[in-house]
Amino acid sequence: MSDVRLLTSGFDPAAELSAFTAAHPQAGGIVSFLGQVREGGGCEALELRHYDPLTLPAMQDLSTRVRGRWALDGLLVIHRSGVMLPAEPIVLVAAAARHRRDAFAAADFAMDHLKSESWFWKREKTGGQWRWIEPREQDFEDIARWG
């Protein structure tokens, strides 16, 4: 079972993780990753834009690839778009599996691919000015290790 969502408004990570955990009582391990807008460094806001006809189907395809690679009881992928303020959640990935290693690997793979095969354009507001953020070399190295 996969739950893949693309949201334009905020979400409560604790409530989402609690519901996901309750839905998978047979799992021996549940691993989650929460990405949020960083505070500090002058960041006033972060905006994620995307191409609507492609983004959700591509996220669902990623979910299918993850579930085909690891023995999972469940996978949760929630990603925001739009303007977000510091400390607001951007992405939540959770994997439930009978064994922890599958859950860890699945969540890690999903995040690396969300980040590196991103269907989002990201810009940051600092000092009252918006600037586009390009992928980092580390993002490409992260995805290459799954080759």
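Rules behind the numbers
Residues numbered from 1 in each chain as written. Predicted model: local features only at pLDDT ≥ 70, side-chain atom pairs only at ≥ 80, totals over all residues. Heavy atoms only, no water. Helix = DSSP H or I, 4+ residues; strand = E, 2+ residues; numbered from the N terminus. Rg over C-alpha atoms; globule rule 2.2 N^0.38 Å. Buried < 20%, exposed > 50% of the residue type's maximum accessible area, 1.4 Å probe, protein only. Pairing = 2+ DSSP bridges. Axes fitted to C-alpha atoms, helices over the stretch in contact; angles between N-to-C directions.

**Observations concerning the overall build of the protein chain**
Helix and strand counts for the protein chain stand at 4 helices and 8 strands. For the protein chain, the N- to C-terminal ordering of α and β elements is β-α-β-β-α-β-β-β-α-β-β-α. For 147 residues, the compact-globule formula gives about 15 Å, and the C-alpha radius of gyration of the protein chain, at 15 Å, lands near that figure. Overall, the C-alpha framework of the protein chain stretches about 50 × 35 × 30 Å when taken along its three principal axes. The 147 residues of the protein chain split such that 42% are buried.

**Let's talk about unusual backbone geometry**
Residue A87 is not a glycine yet carries a positive backbone phi of 80 degrees. For A87, the position within the fold is in the loop between β5 (82-84) and β6 (89-97). Taking relative accessible area as the criterion, A87 reaches 40% and is therefore assigned partly exposed.

**Points about the sheet that holds strand β8 (residues 129-133)**
Sheet architecture is open: 4 strands sit in the order β5-β3-β7-β8, paired in antiparallel fashion. Looking at which strands have only one partner, the edges of the open sheet turn out to be β5 and β8. Adjacent strand axes in the sheet meet at a mean angle of 25 degrees when their direction is disregarded. With 7 bridges joining them, strand β3 (residues 43-50) and strand β7 (residues 120-126) adopt antiparallel strand pairing. Paired with R49 across the bridge in β7 is W121.

**Notes on the pairing of β6**
Residues in a regular strand project their side chains so that they alternate between the two faces of the sheet. Counting buried positions along β6 yields 9 of 9 residues, so the element is predominantly enclosed. Of the pairings in the sheet, the one linking strand β2 (residues 29-36) to β6 comprises 8 bridges and is antiparallel in character. Counterpart to V31 in the pairing with β6 is A95. Pairing geometry for strand β4 (residues 74-80) and β6, over 6 bridges, is antiparallel. Bridge pairing links G74 to A96 in β6.

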